[in-house]
Each structure stands twice: as C-alpha cells, then as structure tokens.
Amino acid sequence: MHLRAINTTRNCILAQKVTEARSFVKRFKGLMGANELPVGLGLHILPCNSIHSLFMRFPIDVAFLDKHNKILHMLHAFPPWRFGPYVIGARSALELPAGTLQCMGTHRGDVLAFEAR
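From a predicted model like this one, the values you see are computed outputs, not experimental measurements. (Residues numbered from 1 in each chain as written. Predicted model: local features only at pLDDT ≥ 70, side-chain atom pairs only at ≥ 80, totals over all residues. Heavy atoms only, no water.)

Asks: What is the right way to read the pairing of strand E4 (residues 60-65) from this model?
Replies: A regular strand places its side chains on the two faces of the sheet in alternate fashion. With 6 of 6 residues buried, E4 is to be regarded as a mostly interior element. By the alternation rule, side chains of E4 split into Ile60, Val62 and Phe64 and Asp61, Ala63 and Leu65, which are all buried. Pairing of E4 with strand E5 (residues 71-78), which is carried by 5 bridges, proceeds in the antiparallel orientation. Along E5, the bridge assignment pairs Leu65 with Ile71. Hairpin connection, E4 to E5: the antiparallel pair is bridged by 5 residues, and Asn69 has positive phi, about 65°. Two elements, E4 and strand E6 (residues 92-97), share 6 bridges in a ladder whose sense is antiparallel. Paired with Phe64 across the strands is Ala93, a residue of E6. (Buried < 20%, exposed > 50% of the residue type's maximum accessible area, 1.4 Å probe, protein only. Helix = DSSP H or I, 4+ residues; strand = E, 2+ residues; numbered from the N terminus. Pairing = 2+ DSSP bridges.)

Asks: How should the nonpolar core be read in this particular structure?
Replies: When a protein is soluble and globular, its nonpolar side chains tend to lie buried together. By size, the foremost hydrophobic cluster in this structure holds 18 residues, and its most contacted members are Leu31, Ile51, Ile60, Val62 and Phe64. Residue assignment for this core shows that the elements contributing at least two residues are strand E3 (41-45), E4 and E5. Counting residues in hydrophobic clusters, the runner-up holds 15 residues, among them Ala15, Leu65, Leu94 and Leu96. (Core = buried A, V, L, I, M, F, W, Y, C linked by side-chain atoms within 4.5 Å.)

Asks: Just to check I follow, could you spell out the state of the cysteines for this structure?
Replies: A covalent bond between the sulfur atoms of two cysteines is what we call a disulfide. One pass over the full model with this rule turns up 0 disulfides. Lacking any disulfide linkage, Cys103 is separated from the closest cysteine sulfur, that of Cys12, by 9.1 Å. Judged by relative accessible area, Cys103 falls into the exposed class, the value being 65%. (Disulfide = S-S within 2.5 Å.)

See the structure below:
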C-alpha cells in the first residue's frame, strides 16, 4: 500500500507515493541499490531513529519524526556513503528526493500526516 505524505503545518504535499519499510530487511535495505528517488516518491522507515546511506548512489532529504509525526530533525541532501546522527525521540524517518524539504518550506517542528492512497 502506498501513502501520501502531507505537511499539515504548511498545508503541502511532500510526496504523492510513499512506501513504508517496517520489516528489518526493508528498513535495512531502504534505498540501497536504487538509481534515483524521483520527485513525488518517498520511503517512510519505521521504527527508525538513525539512517545510513551506504551503497546509495544519490543524496536524499530525511525528516526524523516523533510518535506524533512532528519533525525533530532534518538532513538536507544527505550524501551517499554516510552514517546519519542518532535522533533522540525519533520513531520514524521519511526519506525524500534531495531538495524536497527546502523547496516545500518544511521546518523542524512541522507536523506530517500520512494518508492512504
């Protein structure tokens, strides 16, 4: 099932088609091996309080969310082959194409919603 990611604070859609990664294997694999993450797509990893971009080929934006989907921390254009920070209180992470968060005016403290499509 795919979801739509909406920034309810800014009243804008961050991604039209979000896939959830809930199993250990799907969370670990994430976007590894993908050639790109096209505009409009995203990956919601849960539970998640830290990410890595090992074996990735492109930068991504990442929003770390608490249990109420409030953004606690963001990474802009996080490059391949890096380990991200451990984000205290984060319950999930939304990975988006690089530039999405800034383009949509997303800020720490904004609240996101995920709607079934």
